[in-house]
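Inside the fold
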Amino acid sequence: MTEQLTRICILGGGFGGLYAALRLSQLPWEDAEKPEIVLIDKNDRFLFAPLLYELVTGELQTWEIAPPFEELLEDTGIHFYQAEVTGLDLDAQQIQLRERPELSYDKLVLAIGGKTPVDSVPGAKDYALPFRTLDDAYRLNERLRFLERSDRDKIRAAVIGGGYSGVELACKLSDRLGERGRTRLIDRGEQILRSAPEFNRQTAQQALQERQVWLDLETTIESVGSETLSLMYKGQVDTIAVDVVLWTVGTQVSELARSLPLATNEDGLLQITPTLQASDRDEIFALGDLADCRDATGQKVPATAQSALQQADYCAWNLWASLAGRPLLPFRYQPLGEMMALGKNNAALSGLGVNLDGTFAYLARRLIYLYRLPTLKHQLTVGLNWMTQPLVELFSE
Ligand SMILES: Cc1cc2nc3c(=O)[nH]c(=O)nc-3n(C[C@H](O)[C@H](O)[C@H](O)COP(=O)(O)OP(=O)(O)OC[C@H]3O[C@@H](n4cnc5c(N)ncnc54)[C@H](O)[C@@H]3O)c2cc1C
């Protein structure tokens, strides 16, 4: 009789889930104890979200920033299921999947991320475009192509939210639209990038200014129409004409994560221990954007790719340790700084005592992200393409 393998199911193949799965498959398992690793994602591709803006300017292509899971997991022994997780029975340790039979697990990793809430203002759900997924980027490109082909003189774009996503998107949009574009960035605060290092904020401000992006600060959105936007500034409502509205504000936990009988904070994020486990269920690990995490030093861990990547290493190690009967390690978050794309060939980077802007920051950001892409094979394919692309362009001119 063959013994049933321990099954680890990882839900969500993003920065938390995919990297945890890859790391887990590389750990020193004795053959007998090697578990079955199952990665489940509703999409067929991983998305390297920090490079999503480059699809808007055409600087990068889908295959570079969103490789198929099947390709990434080749030769890793990890099983990939493309399926939407619709529910979980934590007592029976069963996962419900859309149009697929239920799946049981011994250990579970929750890493399904979050979503952009576009329902806080009338009309936003119908007329504003979020910018989080590959489909969002395709939808935006489709709208932009339609506007670019039209005979309108100007293309008016409004980006809601002066955080990282809003600022990066406004710069890239402005570069794409060029002379025809009229881009504005709207935020309810007194300044953009409230939590960013001073150097990055100032560099971003300059990049926006150079691109003539109009800044509406201390301004709230009242409603979004099919081609209008109503803004409230100092108690007065003004309705302006727009051709495309991008919504970048906030991250919300999915209904699935909210529905689980696990401890959550007031924002619905799953409360986890420093070992990245659900507080009352040792067999469940959670990481990334859906988790409210304080590390071993009590430091609050931000909802970023950088955090999810670091958590993925600890999560994999702790899964291994929990099966090997070894002590689990409390997560220690290392803030490594931050980078922002500020238009084509321009970026800002601040961290570990280094501040960079312009082309140097752009190149450094590209190289750091190249190194962060999943799997050596994908890094090499993309890196080679980046090296040969300028030559191909030169000879095709
Ligand atoms: C445009 C953009 C730019 C960003 N730039 C940066 C940056 O420069 N630096 C940085 O550190 N962070 C950045 N972030 C944030 C970063 O991408 C997130 O913090 C990170 O992706 C969180 O990782 P995660 O694993 O929790 O979720 P994700 O990476 O979002 O992965 C979640 C996965 O779960 C899957 N999923 C969701 N629901 C289900 C379901 N029901 N069934 C099956 N699968 C499901 C999704 O398809 C997805 O693959 C950016 C985010 C965006 C959107």
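Digging into helix H1 (residues 17-26)
The buried count for H1 comes to eight of ten residues, which makes it a mostly enclosed element. Within the span of H1, buried status applies to Gly 17, Leu 18, Tyr 19, Ala 20, Ala 21, Leu 22, Leu 24 and Ser 25. Each element contacted by the buried residues of H1 is listed here: strand E1 (7-11), strand E2 (36-41), helix H4 (69-73), helix H10 (305-324) and helix H11 (358-372).

Some words on empty space enclosed by the protein
One pass over the full model with this rule turns up one cavity of 30 Å³ or more. In terms of lining, the largest cavity is formed by Leu 11, Leu 88, Leu 110, Ile 112, Leu 256, Ala 257, Leu 260 and Leu 290. Its residues assigned to classes, the lining of the largest cavity comprises eight nonpolar, no polar and no charged.

Some remarks on the layout of surface pockets
The computed volume of the second largest pocket comes to approximately 430 Å³. Considering the residues around the second largest pocket, the lining is formed by 16 residues, among which Tyr 19, Leu 373, Pro 374, Thr 375 and Gln 379 are closest to the centre. Listing elements by their share of the lining of the second largest pocket, those giving two or more residues are H1, H10, H11 and helix H12 (376-396). Broken down by element, the lining of the second largest pocket gets its largest block of residues, five residues, from H1. Partitioned by chemical class, the residues of the lining of the second largest pocket number seven nonpolar, six polar and three charged.

Points about the side chain of Thr 248
Counting through the fold element by element, Thr 248 comes out in the loop between strand E16 (244-247) and strand E17 (252-253). With relative accessibility at 17%, the residue Thr 248 sits in the buried group. Within the local environment of Thr 248, its side chain forms a polar contact with the backbone oxygen of Ile 160, the two atoms lying 2.7 Å apart. In this structure, Thr 248 is in contact with Val 159, Ile 160, Gly 161, Ser 165, Gly 166 and Leu 169, ignoring residues within four places of it in sequence.

Considerations on the site of the ligand
Near the ligand you find 27 residues, and of these Gly 16, Asp 41, Val 85, Asp 289 and Ala 305 are the closest. Ala 303 places a main-chain nitrogen or oxygen 3.4 Å from an oxygen atom of the ligand. Here Tyr 369 contributes a side-chain N or O atom positioned 3.1 Å from an oxygen atom of the ligand. Coverage of the ligand by the protein amounts to 85% of the 990 Å² it exposes when considered alone.

Calculation notes
Residues numbered from 1 in each chain as written. Predicted model: local features only at pLDDT ≥ 70, side-chain atom pairs only at ≥ 80, totals over all residues. Heavy atoms only, no water. Buried < 20%, exposed > 50% of the residue type's maximum accessible area, 1.4 Å probe, protein only. Helix = DSSP H or I, 4+ residues; strand = E, 2+ residues; numbered from the N terminus. Contact = heavy atoms within 4.5 Å. 1 Å grid on protein atoms, 1.4 Å probe; cavity = no way out; pocket = protein on both sides within 12 Å on 5 of 7 lines; lining within 4 Å. Points joined across faces, edges and corners; volume = space filled by probe spheres on them. Nonpolar A, V, L, I, M, F, W, Y, C, P; charged D, E, K, R; others polar. Polar contact = N/O pair within 3.5 Å; in protein donor to acceptor, adjacent residues only side chain to side chain. Near = heavy atom within 4 Å. Areas by Shrake-Rupley, 256 points an atom, 1.4 Å probe, with all protein chains shown as cover.

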